[in-house]
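Inside the fold
Chain by chain, the residues:
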Amino acid sequence: MPWLPEAHPPAPAAPGALEALAATQAWMRERPDGLDLGRCPVRDVLDHIGDKWTTLILLTLAPAPLRFGALQRAVPDISKRMLAQTLRSLERDGLLTRHVFPTKPPSVEYRLSALGQSVMVPLSQLLQWAETNHGSIRSARERFDGAAVGRPAEAMAPAAMG
């Protein structure tokens, strides 16, 4: 792929990584008009799943359904407005369902849909990977930032893709 850097020798691959890379490259070659990032299904899904609050809400709802107030208490620092907006978005995407109970006042409960439950498998793998590698990533950032001191600004800019 022309946008992949060639300057450094590849690091040893994690188990299954080469197979995953080959599958990804095959998927990209199958696109008849190339990779249209504006219509890319992976980008569309990951933009939402990678949102600041979505993952926390999905994780909070994974064990059991919750009402709005319980969700707000369980997700630190989220405003009522942002929680409502994120819940609507997750419902729109089919990742959760909203159940209204005919009580006075009406009570509303949110729970993961079957689709929402299915995303928990890859999401939990990503979370485990992040937890395992967070220290290495922080160390790499520190090394990079330390090496950047005194480096000209143009040397810091990403290489042109193409």
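Quick caveat: nothing in here was measured; it's all calculated off a predicted structure. (Residues numbered from 1 in each chain as written. Predicted model: local features only at pLDDT ≥ 70, side-chain atom pairs only at ≥ 80, totals over all residues. Heavy atoms only, no water.)

**Focus: the overall build of the protein chain**
What counts is decided by this rule: Helix and strand definitions here come from DSSP, where helices need a minimum of 4 consecutive H or I residues and strands a minimum of 2 consecutive E residues; each element is numbered from the N-terminal end. When accessible area is computed with a 1.4 Å probe and restricted to protein chains, residues below 20% of their type maximum are described as buried, those above 50% as exposed, and intermediate ones as partly exposed. It only takes one pair of heavy atoms within 4.5 Å for two residues to be counted as in contact. Areas reported here follow the Shrake-Rupley algorithm with a probe of radius 1.4 Å; residue values treat only the protein chains shown as occluding.
Along the protein chain, the regular secondary structure elements total 7 helices and 3 strands. Ordering the α and β elements of the protein chain from the N terminus gives α-α-α-β-α-α-β-β-α-α. A total of 162 residues make up the protein chain; the buried ones form 19% of that total. Of the contacts made within the protein chain by residues no fewer than 6 positions apart, 41% connect residues no fewer than 24 positions apart. Approximately 12,200 Å² of the protein chain is accessible, and the part contributed by carbon and sulfur atoms is 59%.

**Regarding the nonpolar core**
What counts, and what does not: Residue types Ala, Val, Leu, Ile, Met, Phe, Trp, Tyr and Cys, when buried and joined through side-chain atoms within 4.5 Å, form a set referred to as a nonpolar core.
In this structure, Ile 57, Leu 58, Leu 61, Leu 87 and Tyr 110 are the most contacted members of the largest nonpolar core, which totals 19 residues. Listed by contribution, the elements that provide at least two residues to this core are α3 (54-61), α5 (80-92), β3 (107-112) and α6 (114-148). Sequence-distant contacts of Leu 58, defined by excluding residues within four places in its chain, comprise Ile 49, Leu 90, Leu 95, Leu 112, Val 119, Met 120 and Leu 123.

**Some words on the pairing of β3**
Along any regular strand the residues' side chains alternate between the sheet's two faces. Let me state the cut-off plainly: Two strands are said to pair when DSSP picks up at least two bridges between them.
The buried count for β3 comes to 5 of 6 residues, which makes it a mostly enclosed element. Both strand β1 (residues 66-67) and β3 contribute to a ladder of 2 bridges, which runs antiparallel. Following the sheet pairing, Leu 66 is matched in β3 by Tyr 110. Where strand β2 (residues 96-101) lies against β3, 6 bridges are found, and the strand directions are antiparallel. Paired with Leu 96 across the bridge in β3 is Leu 112. Turn length for the β2-β3 hairpin, with the two strands adjacent in sequence and antiparallel, is 5 residues.

**Here we look at the pattern of salt bridges**
Pairs can form between side chains of opposite charge whenever their charged atoms are close. In plain terms, the rule: Whenever a carboxyl oxygen of Asp or Glu lies within 4 Å of a side-chain nitrogen of Lys or Arg, that contact is scored as a salt bridge.
Inspection of every chain in the model, using the stated rule, returns 1 salt bridge. The shortest N-O distance in the salt bridge between Glu 109 and Arg 111 comes to 2.3 Å. On the accessibility criterion, Glu 109 (17% relative accessible area) is buried.

**Here's the deal with the sheet that holds β1**
The condition is simple: Helix axes are fitted to C-alpha atoms over the stretch in contact, other axes to C-alpha atoms as well, and angles between N-to-C directions run from 0 to 180 degrees.
One open sheet accounts for 3 strands, arranged β1-β3-β2; its pairing is antiparallel. Taken across any chain shown, the strands that pair with only one partner, and hence form the sheet edges, are β1 and β2. Across the sheet, α3 lies against β1, β2 and β3, angled at about 95° from β3, the strand it touches most.

**Focus on the packing of α3 against α5**
The condition is simple: Just so you know how the angles are binned, under 35 degrees is roughly parallel, over 145 roughly antiparallel, 65 to 115 roughly perpendicular, and the rest oblique. Each residue is assigned to one of three groups, with Ala, Val, Leu, Ile, Met, Phe, Trp, Tyr, Cys and Pro labelled nonpolar, Asp, Glu, Lys and Arg labelled charged, and all others, Gly among them, labelled polar.
Where α3 meets α5, the closest approach of the two axes is 10 Å, and the angle between their N-to-C directions is 75°. With respect to each other, α3 and α5 are oriented roughly perpendicular. Between α3 and α5, the contacting residues are Thr 54, Ile 57 and Leu 58 on the first element and Leu 83, Thr 86, Leu 87 and Leu 90 on the second. Looking at the contact of α3 with α5, its residues break down into 5 nonpolar, 2 polar and no charged.

**A closer look at the confidence of the model for the protein chain**
What counts is decided by this rule: Per-residue confidence from the predictor is reported as pLDDT, a score between 0 and 100.
With 78% of its residues at a pLDDT of 70 or more, the protein chain shows a mean pLDDT of 82. Confidence drops under a pLDDT of 50 for residues 1-10, and excluding neighbours within four residues, the segment shows 7 contacts in the predicted structure.

**Comments concerning the side chain of Thr 60**
This is how the line gets drawn: Two N or O atoms form a polar contact when they lie within 3.5 Å of each other; inside protein one atom must be a possible hydrogen donor and the other a possible acceptor, and for residues adjacent in sequence the pair counts only when both atoms belong to side chains.
Residue position: Thr 60 is located in helix α3. A distance of 2.6 Å separates a polar side-chain atom of Thr 60 from the backbone oxygen of Leu 56. Setting aside its immediate chain neighbours within four residues, Thr 60 contacts Leu 66, Leu 71, Ala 74 and Val 75.

**What to know about α3**
Counting buried positions along α3 yields 6 of 8 residues, so the element is predominantly enclosed. Every buried residue of α3 is listed here: Thr 54, Thr 55, Ile 57, Leu 58, Thr 60 and Leu 61.

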